[in-house]
Amino acid sequence: MKLSPLQTARYQYNPKLPGMLRNGISEICVKNGAPTESVADQEKIQALFPNTYGKNEITFQKGTNTAEAKKQVVGVILSGGQAPGGHNVICGLYDALKATDKDNVLYGFKGGPSGLLEDDYIIFDDEYINAFRNTGGFDIIGSGRTKLETEEQFAVVAEVCKKHGINAIVIIGGDDSNTNAAVLAEYFAANNAGVQVIGCPKTIDGDLKNEDIECSFGFDTATKTYSEIIGNIERDANSAKKYWHFVKVMGRSASHVALECALQTRPNICLVGEEVAAKKMSMAEIADYIADSVATRAAKGWNFGVAIIPEGIVEFVPEFSVLIAEINELLAGEKTEVFNALPTWADKYAFIENGLTKESMAVFAILPQSIQQQLFLERDPHGNVQVSLIESEKLFSALVAENLKARKAAGKFNGKFSALHHFLGYEGRCAFPSNFDADYCYSLGYNAFMLIQYGYTGYLSKVSNLSKPAEEWVAGGMPMTKMMNIERRHGKDKPVIRKALVELDGAPFKFFAANRAEWAENTCFVYPGAIQYFGPSEVCDATTVTLALEKGEY
Ligand code: FBP
């Protein structure tokens, strides 16, 4: 395979470990922390996780390794959407495992959780691993979204582990995957299966975090990649001075990615879903808010701008989420076939009009026809509208255009509004990991092995103090049940890891809120440029603005 010069150079990069893990495996011991409680619903979670609930947080420190010496056979899977750095988690895990004993074995199950169920695997060796060091993507073993959640599936996994003599599984995933990892850990513990389960916090969305897990991996690289592109778009807008760019960025639910990109690039507008929900903003109010910026800038002769729209926004607009719920109901079961059999859009429209409440129909009626049709095209496996496929960047620019038309008719706007649309998602998920993600991920994997060696199960690999140089990072483990609460899923109460949404009283949002009026009226664009891998540390090792603000270091 022909390699790019950067890929060749990245193979040589030595990821930085936290200082406390640098002394060699024989010099790492455990420091016990306090027992933990779940974030809410403590009694219910404790009852559901009698074997893994309430365990102590732990950190590692320099000292004699007292772990039991035994052969380690470990399995690893990548689960869910790609995130830069996943390869390095596996490399760190492999290096720690082999540094302990070269007879230890690492199985990589292919294609996500389904690889475990189908016993589809490779056994890693140096040659294979070395081809993936410090690279983006999940192609080392592939990923998938199969959910590991039923007792039948757990029994199959137990059989697969028994067959290969696997004593621990590392699940690299987001909130759903780690929820399932926690349930699997409890199942193994309850059945004395002799298999530990360790999770690693992954997702570009940045919504798997708490006071211990300061960020999920991939968020740093993905937001820097998007911010580079948004900065370039801003510079083009400021050069040509004739377009408003509506840029949708990934983030299935929470708006962390949009907010971080806004903090890095200072666009004119950035919507934050969590704020829209808190203020119960309607579609019309949001359009009016954006149109205000367009009109104010137009009055200064600036018929250009940049607006960032988070992918998950529509679900946060109360009237839109009601509309979605009604559409899901309208097409439940066999009704989809009836709908699909209607010959023309006019027939379908009449069917919709007949089925929706007056309020939802009013929302539906103002949507551009392309968006109306999107709502009825794509369904997920549960038959629900896939909101992530809705082109919300086009939706909001169309609503803004309508709003400006009305302002023009009333003599309140005489500028120009020409919109261009972008969606930044997949282009950030497999980028070469930034130095931060390369180091963080390698450390997470290395640390996951330490947790395995010391016999922990139901723990997330935790590396914290991340805004400081890697030397000062703190490695340890956090019981996964600490992040859990009970939520209603598919009509049932379920224990799940609580998704970390943008906190409106958190420092990142507060900084944004304090500055956005200025950014909306004036041109305050910042052009971050491309991720740098080689050069001064302040350029190459900087973390996200979100993390810096959260740590009071911005
Ligand atoms: P994870 O939560 O699994 O990391 O995935 C997040 C994400 O990248 C979202 O930002 C996006 O909405 C979604 O995956 C897209 O999923 P898919 O890869 O299945 O199209």
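Everything that follows concerns the structure shown earlier in this document.
Residues numbered from 1 in each chain as written. Predicted model: local features only at pLDDT ≥ 70, side-chain atom pairs only at ≥ 80, totals over all residues. Heavy atoms only, no water.

In total, this model carries 25 aromatic pairs according to the counting rule given. Through pairs of rings, three or more aromatic residues link up here, namely Phe 339, Trp 345, Tyr 349, Phe 351, Phe 364 and Phe 376. Here the basic side chain of Arg 10 rests over the ring of Tyr 13, its NZ or CZ set 4.3 Å away from the ring centre. Of note, Lys 248 hangs over the ring of Phe 423, and the distance from its end group to the ring centre comes to 4.4 Å. (Phe/Tyr/Trp six-rings, centres within 6.5 Å; stacked < 30°, edge-to-face > 60°. Lys NZ or Arg CZ within 6 Å of the ring centre and 35° of its normal.)

Moving on: the sheet that holds strand S3 (residues 73-78). The sheet built from nine strands is open, its strands ordered S1-S2-S13-S12-S7-S6-S3-S4-S5 with mixed pairing. At either margin of the open sheet sits one strand with a lone partner, and together these are strand S1 (28-35) and strand S5 (121-123). Mean inter-strand twist for the sheet, computed between neighbouring axes without regard to direction, equals 25°. In this sheet, strand S6 (residues 168-173) lies alongside S3 in parallel orientation, the contact comprising five bridges. Bridge pairing in S6 places Leu 78 opposite Ile 172. Helix-sheet contacts for helix H20 (residues 435-453) involve S1, strand S2 (56-62), S3, S6, strand S7 (196-201), strand S12 (459-464) and strand S13 (474-479), and the interaxial angle to S12 is about 135°. (Pairing = 2+ DSSP bridges. Helix = DSSP H or I, 4+ residues; strand = E, 2+ residues; numbered from the N terminus. Axes fitted to C-alpha atoms, helices over the stretch in contact; angles between N-to-C directions. Contact = heavy atoms within 4.5 Å.)

So, about the sheet that holds strand S9 (residues 269-270). Overall, parallel pairing links the four strands, which are arranged S9-S10-S8-S11 in an open sheet. Strands with a single pairing partner mark the edges of an open sheet, and in this sheet they are S9 and strand S11 (419-424). Direction of pairing for strand S8 (residues 244-249) relative to strand S10 (residues 305-310): parallel, over a ladder of six bridges. Note on S10: the bridge partner recorded for His 245 is Val 306. This element, helix H9 (residues 256-265), spans S8, S9 and S10 of the sheet and lies at about 155° to S10.

Lining the immediate environment of the ligand, one finds 13 residues, of which Gly 81, Asp 205, Glu 311, Tyr 426 and Arg 429 sit closest. One of the side-chain nitrogen or oxygen atoms of Arg 145 is found 2.9 Å away from an oxygen atom of the ligand. Across the complex, the protein chains shield 78% of the 480 Å² of accessible surface that the ligand would expose by itself. Its residues assigned to classes, the shell around the ligand shows three nonpolar, four polar and six charged. (Near = heavy atom within 4 Å. Polar contact = N/O pair within 3.5 Å; in protein donor to acceptor, adjacent residues only side chain to side chain. Areas by Shrake-Rupley, 256 points an atom, 1.4 Å probe, with all protein chains shown as cover. Nonpolar A, V, L, I, M, F, W, Y, C, P; charged D, E, K, R; others polar.)

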